[in-house]
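Letter by letter, the chains look like this.
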Amino acid sequence: MEGVAGIVKWGQTGGDTTLYHEGRVLYTEEINAAVRGAKAAGATEIVVMDCHGAGGDWTFNSLVPDLLDPDCEYVVQSEWTEYTEFLEQGCDAALFVGMHAMAGTADGVLSHTVSGQAWQNLRFNGTLVGETGINAALCGHFGVPVLLVTGDRAVCAEAAALLGTGLATVEVKVGLGRFSARQKTPRRARELIEAGAKRALADLSAVRPWDPGRPAEIEIEFTSPDRLQEYANRRGVEVTGPRSIVVRGDDWWSAWSGFFF
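A. Representation of the overall build of the protein in the model. Tallying secondary structure elements over the protein gives seven helices and 11 strands in all. Radius of gyration (C-alpha) of the protein: 17 Å, near the 18 Å computed for a compact globule of 261 residues. With the principal axes as the frame, the protein shows a C-alpha extent of 50 × 40 × 30 Å. If you sum the accessible surface of the protein, you get close to 11,800 Å²; carbon and sulfur atoms cover 47% of it.

B. Region of the structure containing the pairing of strand S4 (residues 119-124). Where S4 meets strand S9 (residues 216-222), five bridges bridge the pair, whose relative direction is antiparallel. Opposite Trp119, over in S9, you have Phe222 as the bridge partner. One ladder, built from two bridges, connects S4 with strand S5 (residues 127-128); its direction is antiparallel. Paired with Arg123 across the bridge in S5 is Leu128. Turn length for the S4-S5 hairpin, with the two strands adjacent in sequence and antiparallel, is two residues, and the turn residue Asn125 shows positive phi of about 50 degrees.

C. A look at the sheet that holds strand S3 (residues 94-99). Pairing is mixed across the open sheet formed by four strands, whose spatial order is S3-S6-S7-S8. The open sheet has two edge strands with one neighbour each: S3 and strand S8 (180-183). Direction aside, neighbouring strands of the sheet carry axes that sit 25 degrees apart on average. Note: strand S6 (residues 146-152) against strand S7 (residues 168-177), five bridges, orientation parallel. Its bridge partner being in S7, Val149 is matched across the sheet by Thr169. Those strands touched by helix H3 (residues 131-141) are S3 and S6, and its axis lies near 165 degrees from that of S3.

D. Structural detail: the side chain of Asp50. Structurally, Asp50 is set in the loop between strand S1 (47-49) and strand S2 (73-75). It is Arg24 that comes nearest to the buried, bridge-free Asp50 among opposite-charge side chains, at 7.2 Å. For Asp50, the side chain forms a polar contact with the main-chain nitrogen of Ser62, separated by 2.5 Å. Among all residues touching Asp50, those that are not within four sequence positions of it are Tyr27, Phe60, Asn61, Ser62, Leu63, Val75 and Gln77.

E. Inspection of the environment of Gly15 at higher detail. Along the chain, Gly15 turns up in the segment before helix H1 (18-40). With 200 residues separating them in the primary sequence, Gly15 and Pro215 have C-alpha atoms 40 Å apart. Excluding residues that lie within four positions of it along the chain, Gly15 makes contacts with Tyr20, Ala54 and Trp58.

F. A look at the pattern of salt bridges. Applying the stated rule across the entire model yields 10 salt bridges. The salt bridge involving Lys39 is made with Asp69; its shortest N-O contact spans 3.2 Å. With Lys39 in helix H1 and Asp69 in the loop between S1 and S2, the pair connects residues that are 30 residues apart, well separated along the chain. By relative accessible area, which is 10% here, Asp69 ends up buried. In this structure, Arg243 engages Glu221 in a salt bridge whose closest nitrogen and oxygen atoms are separated by 3.1 Å. Of the two residues, Arg243 sits in the loop between strand S10 (237-241) and strand S11 (244-249) while Glu221 sits in strand S9, which places them 22 residues apart along the sequence. On the basis of relative accessible area, Arg243 is assigned to the partly exposed category, the value being 27%. Salt bridges sharing common partners tie together Lys39, Asp69 and Asp71.

Reading the values: rules and limits
Residues numbered from 1 in each chain as written. Predicted model: local features only at pLDDT ≥ 70, side-chain atom pairs only at ≥ 80, totals over all residues. Heavy atoms only, no water. Helix = DSSP H or I, 4+ residues; strand = E, 2+ residues; numbered from the N terminus. Rg over C-alpha atoms; globule rule 2.2 N^0.38 Å. Areas by Shrake-Rupley, 256 points an atom, 1.4 Å probe, with all protein chains shown as cover. Pairing = 2+ DSSP bridges. Axes fitted to C-alpha atoms, helices over the stretch in contact; angles between N-to-C directions. Contact = heavy atoms within 4.5 Å. Buried < 20%, exposed > 50% of the residue type's maximum accessible area, 1.4 Å probe, protein only. Lys, Arg positive; Asp, Glu negative; His and termini not counted. Salt bridge = Lys/Arg side-chain N within 4 Å of Asp/Glu carboxyl O. Polar contact = N/O pair within 3.5 Å; in protein donor to acceptor, adjacent residues only side chain to side chain.

Read these as geometric descriptors, not functional statements.
If you want it as structure tokens, here you go:
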């Protein structure tokens, strides 16, 4: 939700408040715009996955179902990156809507990686990544390319640097700091996203599925030693410092799924 036009404060991204419920509508309508663009490009099966951790029963459940475009289906999952069935069955492309920049990005609106308080840096085989990188690696493991990223200017630049110039991006706001931005109006942002999705799907080979490399090493640096303890005793985790761990696997998915769930 953090990359949606109109959203700049944490209160818009979680909690049973007016601000959050208004944010849910903004979020759902940007997804609808991507669905319309995908349909215009010829997509015949569109599955929406809510990946926003809003907290409590809202986690991965922030969409307003009654507002969703009827030509899509949607998934509510229990754990982030848990549901992979549609990727395993075969998927032509992934479109990332409402993305935010990685932790520490000065002009990234609501920038963070996984946790706004706990994770400081995340690297896949030495490459510094944020949540765009996590989701791209997940899709890439199953041979699915990411063809579109929407959000603020910072995440669009981050995504293009990671995935290449063939990636379509749609900038809906420019961060003026972590909690402020100059933004497109929601209606204009949706027009741009719809056009961007249609453009992105015009060439399914424009971006290669992203593989961080094999074997895979995931390195996480936390903000403080106590934040590390949640992961220290999980399978395959090596504690490498007072605030850092490393997880290894034959490929990215075996390393990630071995400790994250």
